[in-house]
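# Report on the structure
This is what each chain is made of:
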Amino acid sequence: MSQFLTERPSWYRFRRLSEADSVFAFLARSFLTSPTNLSNLSNPFNKKNNEEDEEEYHALFSGTRFPSLELWESCYRGEDRRLSNSVTLDVAASYREAGIHVDEKLRQPSDHIGVECAFFAYLCGKGDQAQSLGHAFLDRHLRPFAVEFANALEEKTRSPIYKDLARLLRESVEKMAEKMAGNEWLADTPASPLGGGQGDDLTEAGLPMGLRFLRTEERTEEPRGEAPKLQIPICGINNCGGKCPLTVDVSDNCVLAIHPSRHPDATKPPGIQVCIRGMSYHQTFLSGARLRYPLKRAGERGEAKFKRVTWDEATETIAQETERIGKRYGPQSRYVNYSTGVAGAARGDLFAKNLLALDGGFLGRYNSYSTACTTFATPFTYGTSETGNCAEDLLNSRLIILWGHNPMESVFGSSQKFYLREAKKKGIPIIVVDPRFSDTASELASRWIGLRPTTDGALMDAMAYVILDEGLQDQYFMNRFCLGFDEAHMPAGMEHCENYRDYVFGKHGGTPKTPLWASKITSVGEETIRWLAREYATVKPAALIQGYGPQRNGNGEQIARGGTLLACLTGNVGVPGGWASGSGYMRLHRQPAIPEIPNPYNGKIPAFLWTDAIIRGTEMTARHDGVMGVGKLDANIKMIFNLAGDTLINQHSNVNRSARILHDTTMCEFIVCSDLFLTPSAKFADILLPGTSLFEGENLGRPWLEGDYILYCNQSVEPLFECRFEYDWLSDVARKLGYYDAFTHGGKSVRELLEESYNAILGNEPDMPDFERFRENGIYRYRKKPHFIAFEENVRDPERHPFPTPSGKIEIFSPRLHEKNDPLQIPAIPKYVPSFEGPEDPRIETYPFQLMGWHTKRRTHSTHDNNPHMDRYDPHCVWINHQDAEKAGVQENDWVNVWNDRGHIRIQAHVTDRIVSGVLAISQGGWYTPDEKGIDLRGCVNTISTSRPTPLAKGNPQHSNLVALSKADGYAKMSRAEVSCTEAKSKTC
């Protein structure tokens, strides 16, 4: 063996290897342990070299440099290239055949390159009796894997040592294959019985590192020693609307396949459909790019340079910084960022808030990125956000209008898709209003009405004009239940203020909101507007269901209120087959929830304004910035927990602005991130921790909105590497801060917390099984499903059941909004307010396209973007109308530049008639990937989205963006001033 190692001069540095060591044992040590042996052999007296070798080792084998080197055969071979798959299982079966198992201390899948080398070294030492197994293992596994791995190692390493090591690995397996083909067998030790002995008295003395002998109870008589296959119920816990009920096939800690649940509660009508995202969880979350160990920032923030640390060091640092920042700046300086990567009952942001609440408090938040405008605005009309009817009631409608609503891709709840399809079968016409001809429009629509983003309010006002002008309104409903619709029904003392009817007809000097007026703004034809208004007013009952896309505009509150006005005007509120519009929430079943510990600090900010709270928190007030609970903030945000979420960078508006803010460590002093991968947000962590996937822990899933079921996600495999769920390491932080018992409720596990939350609702649902039966089944479908019709009681008996507004009526005119004294941005009545970066913004002369995003079926927000298998379902590109493409000289699949003064994207074009002219669309969630010039090459729509909040809710306006477009070669002609993100290109972009 020593001769083999020294045949090439480049391997002189390994001349100290003992004669007894095989080359594969040496390779195993090199891939599995600290590089001390390599460094010492190279130059034992050069401390700098030792440090550089140590850094390079961890970059390659701990994953501290990205993109990281994949170390497992399953990631290189076969169609399903990921961790812990059938390849891994087959490797483990070879070990079992030899009476061997991987040492659990390694926390590595069986097909790790170092473990495979160690196993082959062991077989070499067993002489002729191991030849057959060794030959098969080399031919089937180690040889093809080693060649591909060596190529990858040689490409990724910066060290001559590891380049030589890659060559040695490649040449060693080829030479060994030659020797085996000639029936030669290298044996450094005398032949001995395979396995080395009997029973539990075996020692590990004869095994290379990383391996151990099977214990007696682990031995099996099954073919090749394969472990039995288990079928384990799991569920989706990402922020997807359906929460897929799934079954995972597992054997020997390997995930072999995913199937839809076959439990009767999952399959009985209307059934729970499983989406393509759910069926791809294993390909996404078991990627070889997983974070593996706790990391600490080693370079400037945002550079993605890290060093490996222990869990104790990581949690000690978090505890010290939590205490230091809290004492120095106060509780309002600590913030838990909006995150939805885990949307189960047990989630990291909940536990982080509980910990901070025990330690004096934290700056709270309200609203969400998804529904801020409609959730905030709808109660000004109705007094509540519970304005929807149950999905089954759609079969009572005679007309359904889906306004900016795309449930076929976003999976909006558990049963809405089913009942919409049933409605179509029944012959109920479905109209889709959307700038983009979505999958929902393609499958369901009898007619698609395309309009420009932000102009929904103008279309609604013109519809109201037609309805009123032609006397089609439900005047009885307006007179009986509504406040402020016309002059006769204004609030006392506000008779002089503008009412909605006068506004629509331009009675006080305004422009009448005619179809002609609206057509110029919206691009919808006059006759189409008249037709839509007449259909909605005369075909009763009708359901106008507002999606969440239109309210994610700069005038989103007014769009939400406009929909509620139309529902009232046509009398479609509180009736079967109708829909009150607005946010559309429903009061149905009580759901299990782990309790939050009350926050002793009362201050809250809108979720969308956290970057503002970093740079000007002390200037933020209730009146101008939506601060709640306190008059103003006394400190800026100095510490952020960003757990299982990509909102720190990727999902927040104006990525380059966020990156510049976070890059400055004097502003936000400490950031903790926990995730599965190095997301764009994780690059900005000071402490970066490896989280667990849905396969590696337990949780409880609940669908969006109307969900008549709950799901249990059982743990199906052991956590990979040193990955930990947030509750576990936050418990360690709590212990260091002295709050362990209070934080863990006396040392309870996640399962025990989930069981408590489940048991807490048993009294409300007497048909529910006990927790253990529920966990075993993985699903429970409620036996008694409420048939919810929003405001049915209020309309039937208004004296006993007034609307939950201050006046007891539906407030078309809102005295509360009138008191804000901002009629241009926040009018007291629903009216069209031109949005910033809409078609009436003067900036459109410079940036002639409106850019919107949408929720694609291939991602859940930014989750799954790192899974290339998903591209087959929806390739990531910018949609452009064929007329616009022709003017720009752009053809299908051309690379184009999309930019404004906030940033620059390079992306391929999809030329189509399925989008309105003048509008571009990029599905949200692409991972921000800038080149050296700061140009984003993945098409993260938030690279160029605005961070200006909406006027009332201070919410998310991410569909209100003006941009320019050109073919990709046009970028070379642009001046530096035209692309502002280049100002920060070197580190943060």
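The sections below set out a description of the structure shown in this document. (Residues numbered from 1 in each chain as written. Predicted model: local features only at pLDDT ≥ 70, side-chain atom pairs only at ≥ 80, totals over all residues. Heavy atoms only, no water.)

## Points about the overall build of the protein
What the protein contains, in helices and strands, is 32 helices and 28 strands. Relative to a compact globule of 989 residues, whose C-alpha radius of gyration would be 30 Å, the protein shows 31 Å and is just as compact. With the C-alpha coordinates of the protein rotated into their principal frame, the extents come out at 105 × 65 × 55 Å. Relative to its 989 residues, the protein shows a buried fraction of 63%. (Helix = DSSP H or I, 4+ residues; strand = E, 2+ residues; numbered from the N terminus. Rg over C-alpha atoms; globule rule 2.2 N^0.38 Å. Buried < 20%, exposed > 50% of the residue type's maximum accessible area, 1.4 Å probe, protein only.)

## Remarks on the sheet that holds strand S20 (residues 709-713)
Across the sheet, three strands lie side by side as S19-S20-S21; this open sheet has antiparallel pairing. Each end of this open sheet is capped by a strand with a single partner; those strands are strand S19 (699-701) and strand S21 (779-781). If you compare each strand with its neighbour and ignore which way they point, the axes differ by 15° on average. Two strands pair when backbone bridges link them, and S20 and S21 are joined in this way by three bridges, in the antiparallel orientation. Residue pairing in the sheet places Ile 710 in a bridge with Tyr 780 of S21. (Pairing = 2+ DSSP bridges. Axes fitted to C-alpha atoms, helices over the stretch in contact; angles between N-to-C directions.)

## Looking at the sheet that holds strand S18 (residues 687-690)
The strand order across the open sheet built from six strands is S7-S6-S18-S17-S16-S8, with neighbouring strands paired in mixed fashion. Of all the strands in the sheet, just strand S7 (306-308) and strand S8 (334-336) have a single pairing partner and so form its edges. Along the sheet, successive strands turn relative to each other by an average axial angle of 20°, direction set aside. The sheet contact formed by S8 and strand S16 (residues 639-643) spans three bridges and is parallel.

## Quick word on the packing of helix H13 (residues 372-382) against helix H22 (residues 556-569)
In the contact formed by H13 and H22, the axes pass within 8 Å of each other and the chain directions differ by 40°. In terms of orientation, H13 and H22 fall into the oblique class. The two elements H13 and H22 cross, and the hand of that crossing is right-handed. Counted together, Cys 373, Thr 374, Ala 377, Thr 378, Thr 381 and Tyr 382 of H13 and Gly 556, Glu 557, Ala 560, Arg 561, Thr 564, Ala 567 and Cys 568 of H22 form the full contact between these two elements. Of the residues assigned to the contact of H13 with H22, the class counts are six nonpolar, five polar and two charged. (Parallel < 35°, antiparallel > 145°, perpendicular 65-115°, else oblique. Left-handed = near helix turned anticlockwise from the far one by under 90°. Contact = heavy atoms within 4.5 Å. Nonpolar A, V, L, I, M, F, W, Y, C, P; charged D, E, K, R; others polar.)

## Concerning the packing of helix H7 (residues 131-156) against helix H8 (residues 160-181)
Here H7 crosses H8 at 155°, and the two axes come no closer than 9 Å. Relative to H8, H7 is oriented roughly antiparallel. Between H7 and H8 the crossing geometry is left-handed. On H8, the residues touching Gly 134, His 135, Leu 138, Leu 142, Arg 143, Ala 146, Val 147, Phe 149, Ala 150, Asn 151, Leu 153 and Glu 154 of H7 are Tyr 162, Lys 163, Ala 166, Arg 167, Leu 169, Arg 170, Val 173, Glu 174, Met 176, Ala 177 and Met 180. Residue classes in the contact of H7 with H8 are distributed as 14 nonpolar, three polar and six charged.

## Some thoughts on the pattern of salt bridges
As a working rule, side chains carrying opposite charge can pair if their charged atoms are close by. Considering all chains together, one arrives at 54 salt bridges under this definition. A salt bridge links Glu 696 to Arg 290, with the nearest nitrogen and oxygen atoms 2.8 Å apart. With a gap of 406 residues between them, Glu 696 in the loop between S18 and S19 and Arg 290 in the loop between helix H10 (281-285) and strand S6 (295-297) connect regions that are remote in the sequence. Judged by its relative accessible area of 2%, Arg 290 falls in the buried class. One salt bridge connects Asp 349 with Arg 365, and the closest N-O pair in it is separated by 3.3 Å. Of the two residues, Asp 349 sits in helix H12 (residues 348-358) while Arg 365 sits in strand S9 (residues 364-366), which places them 16 residues apart along the sequence. Taken individually, Asp 349 and Arg 365 each receive the classification buried, so the pair is uniform in this respect. Through salt bridges with shared partners, one network takes in Arg 858, Arg 859, Asp 865, Asp 871 and Arg 938. (Salt bridge = Lys/Arg side-chain N within 4 Å of Asp/Glu carboxyl O.)

## Some remarks on the packing of aromatic side chains
We describe a pair of aromatic rings using the distance from one ring centre to the other and the angle between the two ring planes. In total, this model carries 42 aromatic pairs according to the counting rule given. Seen from their ring centres, Trp 72 and Phe 721 are 5.3 Å apart, and the 45° between their planes marks the pair as tilted. Here Trp 72, found in the loop between helix H4 (47-61) and helix H5 (86-97), pairs with Phe 721, found in the loop between S20 and helix H26 (726-737); they are 649 residues apart in sequence, far enough to count as distant. A relative accessible area of 0% places Trp 72 in the buried class. Assessed through its relative accessible area of 0%, Phe 721 is described here as buried. The rings of Phe 31, Tyr 57, Phe 61, Tyr 76, Phe 145, Phe 149 and Tyr 162 are connected pair by pair, giving a single aromatic cluster. A cation over an aromatic ring shows up here: Lys 513 above the ring of Trp 517, its NZ or CZ 5.5 Å from the ring centre. (Phe/Tyr/Trp six-rings, centres within 6.5 Å; stacked < 30°, edge-to-face > 60°. Lys NZ or Arg CZ within 6 Å of the ring centre and 35° of its normal.)

## Notes on unusual backbone geometry
For the bond from Pro 269 to Pro 270, the omega torsion is 5°, close enough to zero to count as cis. Relative to the helices and strands, Pro 270 is located in the loop between helix H9 (264-267) and H10. Cis geometry marks the peptide bond from Lys 540 to Pro 541, where omega comes out at -5°. With respect to the secondary-structure elements, Pro 541 resides in the loop between helix H21 (526-538) and strand S14 (542-546). The backbone of Asn 367 sits at a positive phi, close to 70°, despite the residue not being glycine. In this structure, Asn 367 sits in the loop between S9 and H13.

## Describing the pairing of strand S10 (residues 399-403)
With respect to burial, S10 is a largely interior element, five of its five residues being buried. Taking every second residue as pointing to the same face, both faces of S10 are buried, with Leu 399, Ile 401 and Trp 403 on one and Ile 400 and Leu 402 on the other. Both S10 and S14 contribute to a ladder of five bridges, which runs parallel. Within S14, the position partnered with Trp 403 by the bridge is Gln 546. Bridge analysis of S10 against strand S11 (residues 430-433) gives four bridges, and the strand direction is parallel. Following the sheet pairing, Ile 401 is matched in S11 by Ile 431.

## Some points on the nonpolar core
With 88 residues, the main nonpolar core has Phe 24, Phe 31, Leu 142, Phe 149 and Phe 695 as its most contacted residues. With 75 residues, the next largest nonpolar core counts Met 408, Cys 497, Ala 542 and Ile 829 among its residues. (Core = buried A, V, L, I, M, F, W, Y, C linked by side-chain atoms within 4.5 Å.)

## Thoughts on the environment of Glu 155
Along the chain, the position of Glu 155 falls in helix H7. Taking the C-alpha atoms as reference, Glu 155 lies 9.6 Å from Leu 69; in sequence the two are 86 residues apart.

## Notes on the side chain of Ser 674
Position of Ser 674 among the secondary structure elements: in strand S17 (residues 670-675). A relative accessible area of 1% means that Ser 674 is categorised as buried. For Ser 674, the residues in contact, after removing those within four places along its chain, are Asn 642, Leu 643, Ala 644, Leu 689, Gly 691, Glu 726 and Trp 729.

## Thoughts on the side chain of Asp 936
Relative to the helices and strands, Asp 936 resides in the loop between strand S27 (919-923) and strand S28 (961-967). One buried charged residue, Asp 936, remains without a salt bridge, the closest side chain of opposite sign being Arg 938 at 7.7 Å. At 3.3 Å, the side chain of Asp 936 forms a polar contact with the backbone nitrogen of Gly 939. Ignoring sequence-local partners within four residues, the contact set of Asp 936 consists of His 904, Ile 905, Arg 906, Trp 927, Tyr 928, Thr 929, Pro 930 and Thr 943. (Lys, Arg positive; Asp, Glu negative; His and termini not counted. Polar contact = N/O pair within 3.5 Å; in protein donor to acceptor, adjacent residues only side chain to side chain.)

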